[in-house]
Amino acid sequence: MNRGQSTNAIIRPGPAVLQAERAIQARDIAKTYTGNVRALQGLSFTVKAGTIFGLLGPNGAGKSTTVKILTTLSRPDAGEAWVLGFDVIRQPEQVRRVIGYVSQKTAVDLEATGRENLVLQGHLYGMAGNELRRRASELLDRFGLADASDRIAQTYSGGMLRKLDVAMGLVHRPQVLFLDEPTAGLDPEARAEMWREISHWSREDGLTILLTTHYLDEADHLADRVAIIDAGAIVAEGTPEELKSELRGDAIQVELNDLQPKETVLAALYQLGDGLREVTLDRRTLRARVDSGAHAIPAVLAVLETAGITALAATVARPSLDDVYLRHVGRAFNDADKGEAR
Amino acid sequence: MSSTVLHPTYIATRYVRALLRQPYYVAVTLVQPVIWLLLFGQLFKNVTQLPGFGADGYITFLTPGVMVMTALYSSGWSGMGYIIDMDRGVMDRFLVAPVRRNSLLAGQLVYQVLLTLVQSLIIIGLSLLVGARFDGPVLGMIAFFTATVLLGIAMASFSNLIALQLRKQETVIAVVNLLVLPLSFLSSAFMPAALAPNWIRAVAGFNPVNWAVEVGHQALAADTDWRFVLYHLGYLLVLAIISAGLATRAFRSYQRSV
């Protein structure tokens, strides 16, 4: 572990990380909880050193379970995984030294001050003395907590607690950082700020980051590569651009005036032929993929009108990760999100 | 210094600091023993006149029992802290750090020991104020404190074990209440063994609470049976080690379920 004097960079990776092509590697990891809850069914992926990898999926898809296995907190029933070449099952001690973990919950001791939380965390990683004191102050400054540093964490706002939480994950200068839903529950401003920080650690400091999120825009914005995970399995993987370009053409979306039987709508659209692909009707929202949205919309509105179906609004969108998700999982993201959290 | 010493120290410091921020907690834990001492001390004042009682005064007789019960209760709540840490995710954060599981447990036990010692000293002081007399040697006092601490470690570990396995505050509360009072009444905390029915005497022989209380009665009096004291300190030590070992193992079952 690098414990040298810090430069401007908040995290300086050791030489090992620069050499290791694969910072994280998971091979067929599976996990079933007691009561036959199948959390993961054979997940495989690789994260290159110095990049941000996004695990995207609804609550209950198995994202947190994956992170818990990679951080040695939980053991897989089957499969293998390595972090910087260390086996998470056989060499947990070595893995723990090189990783930072920020869980979904804000894991702060509320009866201690911000500084005490950071210092205890550093102590557990073998840091001490002036070096640790400087490191704690540096992080408190960096996260805008300097004024509150000697106050009990109980008095912190939700946003401040989250920042302290992330700072605690960075005290020991990890080489690989696991962020489980880093911006869940943050207001838009705090969220944008967190995004800037995360990008910075990766681009400037060379930190490898695995983050889970159920926000599509977050994965799109931050991740170099994304894996979409549903019901414990990866359904698509690639750079956000690759995933989006897999989808030919534009997405159109039409809001209908009232609920219509699926058959009626599909029958009306039938006359447009193969021009419309991947047609779905989700309550009053009709979605389809077309080569050119500008041409398709008038035609679609016309056939609906003829069939006596009134449209309230129509939009055309370039493919988004939402569309990718929709295509692979077969239901809109927000609906899948109602699943049980794990 | 190695992490085997440093890690428990850091963990213990965390708890001690939290305690110092709410000193009234110590005061609250002492309300019950004070009531025991003053109320029972008055109520049963005359039982010492029963033939076969053989102690100077009832407060003198009652003090070891009250000390042991206080240690049992405050050690019994130990698992509550674990549950709060588990719910908040603090436990996961510790388990992801390069820290041994027994260091986590040891740190918390160090804190419980300090708390037990402080409470015990206050209770001894109070008893002396209301007229108790301890004629035994200083070594006897040390032996009894050791017995109380060992029993406290066993109880705290057991409480942590319950917390790690069942993870509900209500369960910890129920288990503590279910254990402390019956085990105390099945000991010579309130009444000398000589005056208790035969079956209670038989059960008490296997009751760790009774071991600690009896060590107290022996060690605080003038004519101490040192062989008896050493044997029972030995039993308590074995119990504390087994209990702490089981609690450390319980981290594994906790980790299987996360």
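Given the structure is predicted, the values throughout are model-derived calculations rather than measurements.

Draft legend 1. Structural view of the pairing of strand S12 (residues 277-282) of chain A. Residues and elements named next belong to chain A. With four bridges connecting them, S12 and strand S13 (residues 285-290) associate as antiparallel partners. Bridge pairing in S13 links Asp282 to Thr285. Hairpin remark: S12 followed by S13, antiparallel, with two residues in the connecting loop; positive phi at Arg283, about 55 degrees.

Draft legend 2. Main features of the interface of chain A and chain B. On the chain B side, the residues contacting the 33 residues of chain A number 26 residues. Carbon and sulfur atoms make up 53% of the surface buried where chain A meets chain B, a total of about 2600 Å² over both sides. Three residues, A:Leu73, A:Arg96 and A:Leu124, lead the burial of chain A against chain B; their summed loss comes to 25% of the area buried on that side. Applying the counting rule to chain A against chain B returns four salt bridges. Salt-bridge contacts for A:Glu116 lead to B:Arg17; the nearest nitrogen and oxygen are separated by 3.4 Å. The biggest single contributor to the side of chain A that touches chain B is helix H4 (residues 114-124) of chain A, with five residues.

Draft legend 3. Representation of the nonpolar core within the structure. In this structure, A:Ile24, A:Phe45, A:Val83, A:Phe178, A:Leu210 and B:Tyr82 are the most contacted members of the largest nonpolar core, which totals 110 residues. The element best represented in this core is helix H7 (residues 138-166) of chain B, accounting for 15 residues. Formed by 47 residues, the second largest nonpolar core is a distinct cluster that contains A:Ala153, A:Ala190, A:Ile198 and A:Leu222.

Draft legend 4. Just the pairing of strand S11 (residues 250-256) of chain A, in detail. Residues and elements named next belong to chain A. Counting buried positions along S11 gives five out of seven residues, so the element sits mostly inside the fold. In this sheet, S13 lies alongside S11 in antiparallel orientation, the contact comprising six bridges. Counted as the bridge partner of Ile252 is Ala288 from S13. The sheet contact formed by S11 and strand S14 (residues 311-317) spans six bridges and is antiparallel. By the bridge assignment for S14, Leu256 is matched with Ala311.

Draft legend 5. Structural context of the pattern of salt bridges. Residues and elements named next belong to chain A. Enumeration according to the criterion identifies 24 salt bridges over all chains in this entry. With its nearest N and O atoms 3.5 Å apart, the salt bridge here joins Glu193 to Lys163. In this pair, Glu193 is assigned in helix H7 (residues 188-203) and Lys163 in helix H6 (residues 158-170), connecting sequence segments 30 residues apart. As a salt-bridge pair, Glu218 and Arg191 come within 3.7 Å of each other at their nearest N and O atoms. One end of the pair, Glu218, is in helix H8 (residues 216-222); the other, Arg191, is in helix H7, and 27 residues separate them in sequence. Through salt bridges that share partners, Glu131, Arg135, Glu138 and Arg173 make up one connected network.

Draft legend 6. The sheet that holds S12(A), seen in detail. All names here are of chain A. Strand order in the open sheet made by the four strands is S12-S13-S11-S14, with antiparallel pairing throughout. Of all strands in the sheet, those with a lone pairing partner are S12 and S14, marking the two edges. Looking at each pair of strands side by side, their axes are set apart by 15 degrees on average, direction ignored. The strands touched by helix H10 (residues 262-270) within the sheet are S11, S12 and S13, with S12 carrying the most contacts at an inclination of about 150 degrees. Along the sheet face, helix H11 (residues 293-306) touches S11, S13 and S14 and points at about 30 degrees away from the line of S11.

Draft legend 7. Representation of the environment of A:Gly185. All names here are of chain A. Looking at the secondary structure, you find Gly185 in the loop between strand S7 (176-180) and H7. The exposed category is assigned to Gly185, whose relative accessible area is 75%. The spatial distance from the C-alpha of Gly185 to the C-alpha of Val37 is 27 Å, given a sequence separation of 148 residues.

Draft legend 8. Looking closely at the side chain of B:Thr60. Residue and element names in this part refer to chain B. Its place among the elements puts Thr60 in helix H3 (residues 58-76). What makes Thr60 buried here is its relative accessible area of 16%. Only 3.1 Å separates the side chain of Thr60 from the backbone nitrogen of Arg133, close enough to count as a polar contact. With near-sequence residues (within four places) excluded, Thr60 lies in contact with Gly131, Ala132, Arg133 and Phe134.

Draft legend 9. View of the packing of helix H2 (residues 24-43) of chain B against H3(B). Residue and element names in this part refer to chain B. Relative to each other, H2 and H3 sit at 155 degrees, their axes nearing to 10 Å. When the axis of H2 is compared with that of H3, the two are roughly antiparallel. The two elements H2 and H3 cross, and the hand of that crossing is right-handed. Residue-level contacts link Thr29, Gln32, Pro33, Trp36, Leu37, Phe40 and Gly41 of H2 to Tyr58, Ile59, Leu62, Thr63, Val66, Met69, Thr70 and Tyr73 of H3. Tallied by class, the residues present in the contact of H2 with H3 amount to 10 nonpolar, five polar and no charged.

Draft legend 10. Up close: H7(A). Residue and element names in this part refer to chain A. Helix length check: H7, at 16 residues, gives a terminal C-alpha distance of 22 Å against a target of 22 Å (1.5 Å per residue), a fit within 8%. Burial in H7 covers these residues: Ala190, Arg191, Met194, Trp195, Glu197, Ile198, Ser199, Trp201 and Ser202. Packing partners of the buried residues in H7 comprise strand S3 (52-56), helix H5 (129-142), H6, S7, strand S8 (208-213) and H8.

Draft legend 11. Molecular detail of the side chain of A:Asp109. Here A:Asp109 shows up in the loop between strand S6 (99-102) and H4. Polar side-chain contacts of A:Asp109 include one of 3.1 Å to the backbone nitrogen of A:Glu111. Those residues in contact with A:Asp109, other than ones at most four positions away along the chain, are A:Asn117, A:Ala153, B:Arg14 and B:Val90.

Draft legend 12. Just the packing of H4(A) against H6(A), in detail. Residues and elements named next belong to chain A. H6 packs onto H4 with a crossing angle of 25 degrees between their chain directions and a minimal axis gap of 9 Å. On the basis of their axis angle, the class for H4 and H6 is roughly parallel. The way H4 lies across H6 gives a crossing that is right-handed. Each of Gly114, Asn117, Leu118 and Gln121 in H4 lies in contact with H6, whose residues at this interface are Leu164, Ala167 and Met168. For the contact of H4 with H6, the class distribution of residues is four nonpolar, three polar and no charged.

So, how was this worked out
Residues numbered from 1 in each chain as written. Chains lettered and ligands numbered in written order. Predicted model: local features only at pLDDT ≥ 70, side-chain atom pairs only at ≥ 80, totals over all residues. Heavy atoms only, no water. Pairing = 2+ DSSP bridges. Helix = DSSP H or I, 4+ residues; strand = E, 2+ residues; numbered from the N terminus. Contact = heavy atoms within 4.5 Å. Buried area = accessible area lost by both parts, 1.4 Å probe. Salt bridge = Lys/Arg side-chain N within 4 Å of Asp/Glu carboxyl O. Core = buried A, V, L, I, M, F, W, Y, C linked by side-chain atoms within 4.5 Å. Buried < 20%, exposed > 50% of the residue type's maximum accessible area, 1.4 Å probe, protein only. Axes fitted to C-alpha atoms, helices over the stretch in contact; angles between N-to-C directions. Polar contact = N/O pair within 3.5 Å; in protein donor to acceptor, adjacent residues only side chain to side chain. Parallel < 35°, antiparallel > 145°, perpendicular 65-115°, else oblique. Left-handed = near helix turned anticlockwise from the far one by under 90°. Nonpolar A, V, L, I, M, F, W, Y, C, P; charged D, E, K, R; others polar. Expected span 1.5 Å × (residues − 1).

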